[in-house]
Amino acid sequence: MMTEFGEIVEIKKDQAVVKVRRSSACGKCGACSFGTNPEEMLLTVPNALQGDIGDLVELELESTQVLKASAITYLFPLFSLILGVAIGYLLGDKFDYNKELIGAFIGLLFTALSFLGIRAMEPRFRKGHQFSPRMVQLIKKHKKAKE
């Protein structure tokens, strides 16, 4: 199980945007925060504990979900590359073209298409929350100023 701690920085309907310090488990791939602070990331999670802006929360993500997300992110493009190279090699041989060049081209094409496919599926993954951490504990309630 992967556990992170963060601060709620925004509430969007039934979702909380949580600022989390990037851990070594993230691998600094940049997928969560293109071009923003490399040491922090913003995660949108279901606000199951009804936290408010400024609250500190504990987030958990099941190990199986981390492995599934890693497989989708890394193994699917790798298999696409290998499949593309094999198909290109066979096509090059069949049509008497340079097998290595056709294999490399189709392999790279399949890899690019796999990344586009993953990106296209991202809204479905987000909607299902299957790869989203879940809020398990409010660590500290933010004290509101008295009016």
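Look a little higher up for the structure.
These numbers were taken from a predicted model, which means no experiment stands behind them.

A. Fine view of the sheet that holds strand β3 (residues 40–46). One open sheet holds the five strands; their spatial order is β3-β2-β1-β4-β5, and the pairing between them is antiparallel. The open sheet terminates on both sides in strands that have one partner only, identified here as β3 and β5 (134–140). Along the sheet, successive strands turn relative to each other by an average axial angle of 40 degrees, direction set aside. Judged from the six bridges that link them, strand β1 (residues 2–12) and strand β2 (residues 15–21) form a sheet pairing that is antiparallel. When the bridges of β2 are listed, Ile8 appears paired with Val18.

B. Here's a closer look at the packing of helix α1 (residues 63–94) against helix α2 (residues 99–128). Where α1 contacts α2, the two axes come as close as 7 Å, and the packing angle between them is 145 degrees. Considering only the axes of α1 and α2, their crossing is right-handed. Its residues assigned to classes, the contact of α1 with α2 comprises 16 nonpolar, nine polar and three charged.

C. Here's a closer look at α2. Between its first and last C-alpha atoms α2 spans 42 Å; for 30 residues at 1.5 Å apiece the expected length is 44 Å, and the two agree. At Met121, α2 shows its maximal kink, close to 40 degrees; a proline, Pro123, follows between one and four residues later. All buried positions along α2 are accounted for by Gly103, Ile106, Gly107, Thr111, Ser114 and Ile118. If you follow the buried residues of α2, they end up packed against α1. The backbone nitrogen of Glu100 lies 3.1 Å from a side-chain oxygen of the residue at the head of α2, namely Asn98.

D. Quick peek at the pattern of salt bridges. Considering all chains together, one arrives at three salt bridges under this definition. Here Glu60 and Arg134 are joined by a salt bridge, their closest N and O atoms 3.4 Å apart. Taken as a pair, Glu60 in strand β4 (residues 56–61) and Arg134 in strand β5 lie far apart in primary sequence, 74 residues in all. Put simply, Glu122 and Arg119 hold a salt bridge, and the shortest N to O gap is 2.5 Å. One end of the pair, Glu122, and the other, Arg119, are both in helix α2, three residues apart, so they sit about a helical turn from each other. Residue classification places Glu122 among the partly exposed positions, given a relative accessible area of 21%. Among the charged side chains, a salt-bridge network with shared partners connects Glu60, Glu62 and Arg134.

E. Structural detail: the side chain of Glu60. Among the residues examined, Glu60 registers a relative accessible area of 17% and is labelled buried. If we skip the residues at most four places from it in the chain, Glu60 touches Met1, Met2, Thr3, Pro133, Arg134 and Val136.

F. Highlighting a nonpolar patch on the surface. A cluster of nonpolar side chains, namely Tyr74, Leu75, Leu78, Phe79 and Ile82, defines an oily patch on the protein surface of about 520 Å² accessible area. By secondary structure assignment, the location of Phe79 is in helix α1. Judged by relative accessible area, which is 53%, Phe79 ranks as exposed.

About the thresholds
- Residues numbered from 1 in each chain as written.
- Predicted model: local features only at pLDDT ≥ 70, side-chain atom pairs only at ≥ 80, totals over all residues.
- Heavy atoms only, no water.
- Pairing = 2+ DSSP bridges.
- Helix = DSSP H or I, 4+ residues; strand = E, 2+ residues; numbered from the N terminus.
- Axes fitted to C-alpha atoms, helices over the stretch in contact; angles between N-to-C directions.
- Left-handed = near helix turned anticlockwise from the far one by under 90°.
- Nonpolar A, V, L, I, M, F, W, Y, C, P; charged D, E, K, R; others polar.
- Expected span 1.5 Å × (residues − 1).
- Bend = angle between axes of the 7 residues up to and from the residue.
- Buried < 20%, exposed > 50% of the residue type's maximum accessible area, 1.4 Å probe, protein only.
- Contact = heavy atoms within 4.5 Å.
- Polar contact = N/O pair within 3.5 Å; in protein donor to acceptor, adjacent residues only side chain to side chain.
- Salt bridge = Lys/Arg side-chain N within 4 Å of Asp/Glu carboxyl O.
- Patch = residues over 30% accessible without salt bridge, like charges linked within 9 Å, V, L, I, M, F, W, Y side chains within 5 Å.
- Areas by Shrake-Rupley, 256 points an atom, 1.4 Å probe, with all protein chains shown as cover.

Without other data, these values stay purely geometric and don't point to any function.
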